[in-house]
Amino acid sequence: MSEKINQNPERESGAKHEKLDLKVDKSAESHKPLEQKSETAHEREKSAEQTREKIEKSLDKEADKAREKQPKTTEVREPQVVTRGARDAAYRSTMQTVRSQLTPVQRNFSKFIHAKPVEVTSELLEETIFRPSFLWGGVIGGILMGASLYIFSYIQGFKLSGSEFIVGLLIGGVLGVLAEKLFRHKKTTKGPNAKTTHKK
C-alpha cells in the first residue's frame, strides 16, 4: 500500500499568511469608517461649540445694548417745572392735531365743547350736581323723604304740594356729598402710608 502524502509546509504557511493578510486588510478596512466616524463626530462637536459660542456672544451683545438703553439709576433727574403757558401750548397743539383728523361737523362740535365757558360750566357741574355721590344721595333722599311724607299725608288726610320730592333730592344730594367726603377723609387717614401714634 502506498499512501500519497501531499503535504507541503511552504504552501500551507503561504496560504495561512495570505488568509492572515486578508483578515488584517479587512479589519483595517472595517476600522477606517470608525475612525472617519469619530473624526466627523469630533468635527460636529467643534462646530456645535463654535455655534454655541457665537450665540452666547450675540446674546451678550444684545444684553449690553439693552443695559445701555436703560436709564442709569445713579443719575438723579431734576424735577421739571411745567409752567401754565407751556401746558396751554401743549394742549392747543394737541387739539389742533386731533381736530385736523376730524370732519368739519365734528371739528365745530369739538370747538364748542372745548370753549372756555362750556368747560368751566361742565367742570363746576361735575364737581357738584353730577357727582355720583350727589346723584345717589339725591335719589335715595328723594325716595325716602317723598315716600315718608306721602304716607304721613295719607294717614293725616292732607294734600302734598309736590315740592317734597325736589327738597328730598337736594337734602339727599348734600348728605351724599358729605358722606363721600367723610368716607374719603377716613380712607386717607387709615391708608397704608398713614402714620399712627400709639399712646403709652
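Scope of this entry: the structure provided in the associated data block. Note that residues are indexed from 1 along each chain, following the sequence as it is written. It should be noted that, the model being predicted, local features are given only for residues of pLDDT at least 70 and side-chain atom pairs only at 80 or more, the latter also being counted only at that level, while totals for whole chains, interfaces and linings use all residues. Excluded from the side-chain calculation are hydrogens and water; included are all heavy atoms of the structure.

1. Digging into the side chain of S110
Piece 1. Locating S110 in the fold gives a position in helix α3 (residues 104-113).
Piece 2. Exposure classes here rest on a 1.4 Å probe applied to the protein chains alone. A residue is buried below 20% of its type maximum, exposed above 50%, and partly exposed in between. A relative accessible area of 11% places S110 in the buried class.
Piece 3. When neighbours within four sequence positions are excluded, S110 is seen to be in contact with M95, R99 and L102. In this text, helices come from DSSP runs of H or I with a minimum length of four residues, and strands from runs of E with a minimum of two, each type numbered from the N-terminal end. The contact rule is simple, with two residues in contact once any of their heavy atoms fall within 4.5 Å.

2. Comments concerning the packing of aromatic side chains
Piece 1. Pairing of aromatic side chains here covers Phe, Tyr and the six-membered ring of Trp, requires ring centres within 6.5 Å, and sorts the geometry by plane angle: under 30 degrees stacked, over 60 edge-to-face, intermediate tilted. For the structure on display, the rule yields 1 aromatic pair.
Piece 2. Residues F152 and F158 carry aromatic rings whose centres are separated by 5.9 Å and whose planes lie at 70 degrees to one another, so their mutual orientation is edge-to-face.
Piece 3. Exposure remark for F152: the relative accessible area of 45% places this residue in the partly exposed category.

3. Re a negative patch on the surface
Piece 1. Only residues above 30% relative accessible area that lack a salt bridge enter a patch, with like-charged residues linked at up to 9 Å and the nonpolar side chains Val, Leu, Ile, Met, Phe, Trp and Tyr linked at up to 5 Å. Only the protein chains shown count as cover for residues, and all accessible areas are computed by the Shrake-Rupley method using a 1.4 Å probe. Salt bridges are counted wherever a side-chain nitrogen of Lys or Arg sits within 4 Å of a carboxyl oxygen of Asp or Glu. Residues counted as positive are Lys and Arg, residues counted as negative are Asp and Glu, and His and the chain ends are not counted. By convention, charge coordinates are those of NZ in Lys, CZ in Arg, CG in Asp, or CD in Glu. Taken together, the side chains of E45, E49, E53, E56 and D60 present a region of like negative charge at the surface.
Piece 2. Tracing the chain through its elements places D60 in helix α1 (residues 9-69).
Piece 3. Using a relative accessible area of 47% as the deciding quantity, one classes D60 as partly exposed.

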